[in-house]
Amino acid sequence: MRNRSSTTTTFVLTAIAVTLAAGGCRAEKSATQPTSPMPLASNSARSVEPEQDAISAYRGMWAAFVEAGKTADPDAPDLRKYATDEALKRIVSALFTNREHKQVLRGDLVIDPKVTATSASQVTILDCVNDEKWLVYNASGGLYNNVPGGRHKTTATVKPADGVWKVSTFALEKAGTC
């Protein structure tokens with residue numbers, strides 16, 4: 001992610017890399033930003049449309065991460081609405097690290113998820129997460145550093161949990177992988 005200290009960048013990318021394998025990705029100009037989570041009311045684990053529910057959970061997870069990053073809040077409740085298992089642990093851990101370093105995340109994160117596989121028990125999503133404009137700032141103000149971000153090939157597994165679809169794992173590869 002852009003403009004993070006090398007320690008934070010290494011931690012975040014290492015922590016969320018290599019949990020799934022999938023084909024290439026490409027972000028288009030029509031890619032959407034995770035600005036507002038989709039409502040969970042339609043996100044039933046018994047839904048006849050698991051792909052749509054999985055995409056909603058994936059978008060919701062990133063939107064919740066972007067929002068929680070503004071204050072480095074690992075306890076933000078929306079994180080738990082959309083993520084579980086390893087995905088939740090990795091996001092919470094990254095936010096704890098940001099809080100420890102007195103850093104916050106600001107700007108836009110662009111996603112464009114596509115479903116690549118579906119079964120009754122899980123949906124696999126492929127994305128090209130663009131964090132070129134999602135920057136790390138000192139909590140007291142001012143840009144933290146000038147480490148560039150980029151486009152990261154990302155795969156995610158979304159599964160039913162607590163009666164709704166939630167992101168269980170995701171792998172965010174290094175910048176420039178899509």
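Residues numbered from 1 in each chain as written. Predicted model: local features only at pLDDT ≥ 70, side-chain atom pairs only at ≥ 80, totals over all residues. Heavy atoms only, no water.

Draft legend 1. Region of the structure containing the overall build of the protein chain. The number of helices and strands found in the protein chain is 4 helices and 5 strands. Within the span of the protein chain, comprising 178 residues, buried residues form 49% of the whole. Across the protein chain, contacts joining residues at least 24 apart in sequence account for 71% of those joining residues at least 6 apart. (Helix = DSSP H or I, 4+ residues; strand = E, 2+ residues; numbered from the N terminus. Buried < 20%, exposed > 50% of the residue type's maximum accessible area, 1.4 Å probe, protein only. Contact = heavy atoms within 4.5 Å.)

Draft legend 2. Region of the structure containing the state of the cysteines. On inspection of all chains with the given rule, the structure shows 1 disulfide. Disulfide pairing places Cys-128 opposite Cys-178 at an S-S distance of 2.0 Å. Disulfide Cys-128-Cys-178: the torsion about the S-S bond is 90 degrees, which places it as right-handed. Here the residue Cys-128 occupies a position in strand S3 (residues 123–138), and Cys-178 occupies one in the segment after strand S5 (164–172), the gap between them amounting to 50 residues. (Disulfide = S-S within 2.5 Å.)

Draft legend 3. Molecular detail of the nonpolar core. Judged by nonpolar contacts, the single largest core of 34 residues is most densely connected at Tyr-58, Met-61, Trp-62, Phe-65 and Leu-79. Of all elements in the fold, only helix H2 (50–69), helix H3 (77–82), helix H4 (85–100), strand S1 (103–110), S3, strand S4 (151–161) and S5 reach the threshold of two or more residues within this core. A per-element tally of this core places H2 first, with 10 residues. Excluding its chain neighbours within four sequence positions, the residues that come into contact with Phe-65 are Leu-79, Ile-91, Ala-94, Leu-95, Leu-105 and Trp-134. (Core = buried A, V, L, I, M, F, W, Y, C linked by side-chain atoms within 4.5 Å.)

Draft legend 4. Quick look at H4. Here H4 is 16 residues long and its end C-alpha atoms lie 23 Å apart, about the 22 Å a rise of 1.5 Å per residue gives. Listed as buried for H4 are Ala-87, Leu-88, Arg-90, Ile-91, Val-92, Ala-94, Leu-95, Thr-97 and Asn-98. The positive-phi residue at the C-terminal boundary of H4 is Lys-102, with phi of around 55 degrees. (Expected span 1.5 Å × (residues − 1).)

Draft legend 5. Molecular detail of unusual backbone geometry. Even without being glycine, Asp-85 reaches a positive phi, approximately 50 degrees. Relative to the helices and strands, Asp-85 resides in helix H4. The phi torsion at Lys-102 lies on the positive side, around 55 degrees, for a residue other than glycine.

Draft legend 6. Main features of the pattern of salt bridges. Using the criterion set out here, one finds 7 salt bridges in the structure. As a salt-bridge pair, Lys-81 and Asp-78 come within 3.0 Å of each other at their nearest N and O atoms. Here Lys-81 pairs with Asp-78, and both are found in helix H3, just 3 residues apart, close to one helical turn. Across the salt bridge formed by Lys-166 and Asp-162, the nearest N and O atoms sit 3.0 Å from each other. Exposure remark for Asp-162: the relative accessible area of 70% places this residue in the exposed category. Residues participating in the shared-partner salt-bridge network are Glu-86, Lys-89 and Arg-90. (Salt bridge = Lys/Arg side-chain N within 4 Å of Asp/Glu carboxyl O.)

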